[in-house]
Amino acid sequence: MQSEFTWMDGKLLPTAEATVPFLTVGLHYGLGVFEGIRCYDTARGPAVFRLPEHARRLIDSARILGLETAYTPEQIVQGCVDVVASNKFRECYLRPLIFAKGGMNLSLVGAPTGVGIAGWAWAAYLGEEAKKAGIRVNVSSYTRHHPNVVMTKAKASGNYVSSALAKSESVRIGCDEAIMLDPQGYVSECTGQNLFIVRDGTLITPSAASILEGITRDSILELATDLGHPPVERTVSRDELYLAEEVFVCGSATEIISVREIDGRRVGDGKMGPVTTKLHRAFTDAVRGKTAAYEKWLTFVP
Ligand code: PMP
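So, how was this worked out
Residues numbered from 1 in each chain as written. Predicted model: local features only at pLDDT ≥ 70, side-chain atom pairs only at ≥ 80, totals over all residues. Heavy atoms only, no water. Buried < 20%, exposed > 50% of the residue type's maximum accessible area, 1.4 Å probe, protein only. Helix = DSSP H or I, 4+ residues; strand = E, 2+ residues; numbered from the N terminus. Pairing = 2+ DSSP bridges. Domains from an automatic or database assignment. Contact = heavy atoms within 4.5 Å. Salt bridge = Lys/Arg side-chain N within 4 Å of Asp/Glu carboxyl O. Polar contact = N/O pair within 3.5 Å; in protein donor to acceptor, adjacent residues only side chain to side chain. Nonpolar A, V, L, I, M, F, W, Y, C, P; charged D, E, K, R; others polar. Phe/Tyr/Trp six-rings, centres within 6.5 Å; stacked < 30°, edge-to-face > 60°. Lys NZ or Arg CZ within 6 Å of the ring centre and 35° of its normal. Near = heavy atom within 4 Å. Areas by Shrake-Rupley, 256 points an atom, 1.4 Å probe, with all protein chains shown as cover.

## Quick word on the pairing of strand S4 (residues 37–42)
1) Next: The element S4 is extensively covered by neighbouring structure, given that 5 of its 6 residues are classed as buried.
2) Next: Two strands pair when backbone bridges link them, and S4 and strand S6 (residues 92–100) are joined in this way by 3 bridges, in the antiparallel orientation. Bridged to Cys39 within S6 is Cys92.
3) Next: Looking at chain direction, S4 and strand S5 (residues 45–49) are connected through 4 bridges and run antiparallel. Bridged to Cys39 within S5 is Val48.
4) Next: Here S4 folds back onto S5 in antiparallel fashion, the turn holding 2 residues.

## Concerning the domain arrangement of the protein chain
1) Next: For the protein chain, the assigned domains read domain 1 (5–120) and domain 2 (128–287).
2) Next: Centre-to-centre, using C-alpha coordinates, domain 1 lies 26 Å away from domain 2.
3) Next: The interface of domain 1 with domain 2 comprises 19 residues on the first partner and 19 residues on the second.
4) Next: Measuring nitrogen to oxygen at the nearest pair gives 2.8 Å for the salt bridge that ties Arg50 to Asp218.
5) Next: There are 11 residue pairs in polar contact (both at pLDDT 80 or more) connecting domain 1 and domain 2.
6) Next: If one sorts the elements of the side of domain 1 that touches domain 2 by residue count, helix H2 (residues 51–65) sits on top with 6 residues.
7) Next: Tallied by class, residues from the side of domain 1 that touches domain 2 come to 8 nonpolar, 6 polar and 5 charged.

## Looking at the packing of aromatic side chains
1) Next: Inspection of every chain in the model, using the stated rule, returns 10 aromatic pairs.
2) Next: On the numbers, 5.7 Å between centres and 50° between planes, the contact of Trp120 with Trp122 is tilted.
3) Next: When its relative accessible area of 10% is taken as the criterion, Trp120 is described as buried.
4) Next: Look at Trp122 and you get partly exposed, because its relative accessible area is 30%.
5) Next: Clustering of aromatic rings is evident, with ring pairs tying together Phe49, Phe283, Tyr294 and Trp297.
6) Next: The side chain of Arg44 reaches across the aromatic face of Phe300, ending 3.9 Å from its centre.
7) Next: A cation over a ring is seen here: Arg265 above Tyr242, with NZ or CZ 4.0 Å from the ring centre.

## Thoughts on the site of the ligand
1) Next: Residues in contact with the ligand amount to 17 residues; listed here are only the nearest, Tyr160, Glu189, Ile215, Thr216 and Ser252.
2) Next: Lys155 places a polar side-chain atom, nitrogen or oxygen, 2.8 Å from a nitrogen atom of the ligand.
3) Next: For the ligand, an oxygen atom lies 2.4 Å from a polar atom in the side chain of Tyr160.
4) Next: Here the ligand has 380 Å² of accessible area as a free molecule, and 96% of this is covered by the chains.
5) Next: Residue assignment for the shell around the ligand shows that the elements contributing at least two residues are strand S10 (187–190), helix H6 (215–226) and strand S14 (246–251).
6) Next: Considered class by class, the residues forming the shell around the ligand number 5 nonpolar, 8 polar and 4 charged.

As structure tokens, then:
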């Protein structure tokens, strides 16, 4: 987690000085919203993937919670660019966070907020081995959020308590990641990823009703359409996970990782399948600036 500079409330500070007091209400009750963004090394220098969309989702998340911030998406974009440039990163992960500060109070009405943007070099989120061999997942014993309990379209800090419980359960039983079912019992998403399956050749992903609307998911929907695999967004049941010939998870930190086993059942032949392989290649080329048509997704850092 090494970096020289961290952006705090509009200024770049030496990272050691970018701290918050213990009595910060956001820390005690998980009252914050954040983003996870990747910057990639390209032939034209560092480029942040879908930065305006991430900045917009950050501000949208604050709006969903009713957290007020003086910062605009454009200022968050600039802050992220400044973190990459000041730290001379070629590649990194960026973490903007808007958090409630001030007194111990559960009301967010008029709550003062702080904003920070950290950056660090973060290699493979699920490990280098996962990229090659795929991962083993379980269907979690924890239920994913109901949108009227915590709203799933906000990337809110407190939402991740349930993710942490599910992820820890997976690790304890020797799996890499958890697939979570929604309160109706249908497949929703993973602890920090969206999910796709391929069944009878069709690319399918759970509809957006009760998931975080992932920016990687959105990119894959577009890439798949362009590659001639029109995707279907619909309700997915648990047994379909066992019947799918390919399954993969995706997210900004995770990128695209194939699933080789679910609840002890091998997926397909246990290797990354042809549709996943195609999408993985297209995604990797897009983030690295190798496909002109998707340069629209890159914010180049001068
Ligand atoms: N769902 C959850 C719960 C997540 O935490 C993430 C990671 N942000 C995703 C999906 C994927 O979203 P994105 O592709 O925008 O990173």
